[in-house]
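The primary structure of each chain is shown beneath.
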Amino acid sequence: HILVDRQKNEIEHLLLNVLPKEVAKELQLTGRATPRHYKSVAVMFTDFRGFTLLTDHMSPDELVAELDACFNVFDEIIAKHGLEKIKTIGDSYMCASGIPVEDDMYVLKIVRAGLEIQQYITLNNERRLEKGQEPWYLRIGIHVGPVVAGVVGKMKYAYDIWGSTVNIASRMESNGEPGKVNISSATYELIKDYYECRHTGKISAKNVAEIDM
């Protein structure tokens, strides 16, 4: 009995490490996780500027250790604000707010997290410069809109999100300014009473009209 309980706990722990609690529970009870459509979710992407150039000047050990240190802090920040980590892709980090459980404060939480991440990068760059190391500059982009969320794969479960909201959030990041948090007009409308923002131009996204940033 003790061995079975221990194995059960280990499986639960592993599932919770890769999936949101609610999704992991459904998967354990029914053997599948039903994809869900959400009307409004805030999606954030981060990306280090000129990362491929950094790889030329650092040893593999240094590079991975620095990236790991940054992502560990990002994990702590988003957990503190109740966000859901979706995945990392190379030097890019993706998370969302308002899933799998809807939350009235979802947009403010993700903006706060984005600003806190930039604050950490600024302090970390001061430490790097003191040691004579190159600073790492980060772009952040946020967009709000509908998404579909679900679990893909059987060999390695992955909770993921899809839809034009994700693509636009990615464009917000790639067109952003390092050190800042670049948000779409849809995000701005929901936070303008709480934060001072400045207009940074427009982007034309695929299958979507021009979007203010």
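Keep in mind the model is a prediction, meaning the values are calculated, not measured.

Student: Help me out: how do you make sense of the pairing of strand 1 (residues 36–48) in this one?
Tutor: Note on strand geometry: in a regular strand, side chains alternate between the two faces of the sheet. Relative to strand 4 (residues 138–152), strand 1 is paired through eleven bridges, and the arrangement is antiparallel. Counted as the bridge partner of Arg36 is Ala149 from strand 4. Bridge count for strand 1 against strand 3 (residues 92–97) is five bridges, and the pairing is antiparallel. Bridged to Val43 within strand 3 is Ala96.

Student: Would you explain the side chain of Asn182 in this entry?
Tutor: If you trace the backbone, Asn182 turns up in strand 6 (residues 181–183). For Asn182, a relative accessible area of 6% puts it in the buried group. Reaching out from Asn182, the side chain makes a polar contact with the side chain of Thr200 at a distance of 3.2 Å. Not counting chain neighbours up to four residues away, the residues in contact with Asn182 comprise Ile140, Gly141, Ile142, Met172, Asn175, Gly176, Thr200 and Met213.

Student: Looking at this model, I keep getting lost on the pairing of strand 4. Mind explaining?
Tutor: Along strand 4, eleven of the 15 residues are buried, which leaves the element largely enclosed by surrounding structure. Strand direction decides the pairing type here: strand 4 and strand 6, joined by three bridges, are parallel. By the bridge assignment, Ile140 is partnered in strand 6 with Val181. Between strand 4 and the antiparallel strand that follows it, strand 5 (residues 158–162), lie five residues; Gly153 among them carries a positive phi value of about 85°.

Student: Just checking my understanding: could you explain the environment of Tyr38 for this structure?
Tutor: Within the fold, Tyr38 resides in strand 1. Residue classification places Tyr38 among the buried residues on the basis of a relative accessible area of 3%. Spatially, the C-alpha atoms of Tyr38 and Pro100 are 8.7 Å apart, while their sequence positions differ by 62 residues. Not counting chain neighbours up to four residues away, the residues in contact with Tyr38 comprise Gly98, Ile99, Pro100, Glu102, Pro146, Val147, Ala149 and Tyr159. Polar side-chain contacts of Tyr38 include one of 3.4 Å to the side chain of Arg36.

Student: What's the story with the packing of aromatic side chains in this structure? I'm lost.
Tutor: Given two aromatic rings, one states the distance between the centres and the angle between the planes to describe the pair. Applying the stated criterion across every chain yields a total of five aromatic pairs. Note on Phe48 and Trp136: the rings are 5.0 Å apart at their centroids and 75° apart in plane angle, and the pair reads as edge-to-face. Separated by 88 residues along the polypeptide, Phe48 in strand 1 and Trp136 in the loop between helix 5 (106–130) and strand 4 bring together distant segments of the chain. Under the relative-accessibility criterion, Phe48 is labelled buried at 1%. Ring geometry for Phe71 and Phe74: centres 5.7 Å apart, planes at 55°, overall tilted. Taken together, the residues Phe71 and Phe74, both in helix 4 (residues 60–80) and three residues apart, mark about one turn of the helix. On the basis of relative accessibility, which here comes to 10%, the residue Phe71 falls in the buried class. Look at Phe74 and you get buried, because its relative accessible area is 0%. The rings of Phe48, Phe51 and Trp136 are connected pair by pair, giving a single aromatic cluster.

Student: What should I look at first to understand helix 4 in this one?
Tutor: Given 3.6 residues to a turn, an α-helix orients residues that are three or four positions apart in the same direction. For helix 4, spanning 21 residues, the distance from its first C-alpha to its last is 30 Å, which sits close to the expected 30 Å at 1.5 Å a residue. In the stretch just after helix 4, Gly82 is the one whose phi turns positive, near 75°.

Student: Sorry, what's going on with the nonpolar core here?
Tutor: Soluble globular proteins tend to pack their nonpolar side chains together in the buried interior. Grouped together as the largest cluster of nonpolar side chains are 34 residues, with contacts concentrated most on Phe48, Phe74, Trp136 and Ile142. Within the residue set of this core, elements represented by two or more residues are strand 1, helix 3 (51–57), helix 4, strand 3, helix 5, strand 4 and strand 6. Looking at this core element by element, the count peaks at nine residues for helix 5. Setting aside residues no more than four positions away along its own chain, Phe48 makes contact with Leu67, Cys70, Phe71, Phe74, Asp91, Ile121, Trp136, Tyr137 and Leu138. Listed in part, the 20 residues of the second largest apolar core include Val43, Ile86, Tyr159 and Val166.

Reading the values: rules and limits
- Residues numbered from 1 in each chain as written.
- Predicted model: local features only at pLDDT ≥ 70, side-chain atom pairs only at ≥ 80, totals over all residues.
- Heavy atoms only, no water.
- Pairing = 2+ DSSP bridges.
- Helix = DSSP H or I, 4+ residues; strand = E, 2+ residues; numbered from the N terminus.
- Buried < 20%, exposed > 50% of the residue type's maximum accessible area, 1.4 Å probe, protein only.
- Polar contact = N/O pair within 3.5 Å; in protein donor to acceptor, adjacent residues only side chain to side chain.
- Contact = heavy atoms within 4.5 Å.
- Phe/Tyr/Trp six-rings, centres within 6.5 Å; stacked < 30°, edge-to-face > 60°.
- Expected span 1.5 Å × (residues − 1).
- Core = buried A, V, L, I, M, F, W, Y, C linked by side-chain atoms within 4.5 Å.

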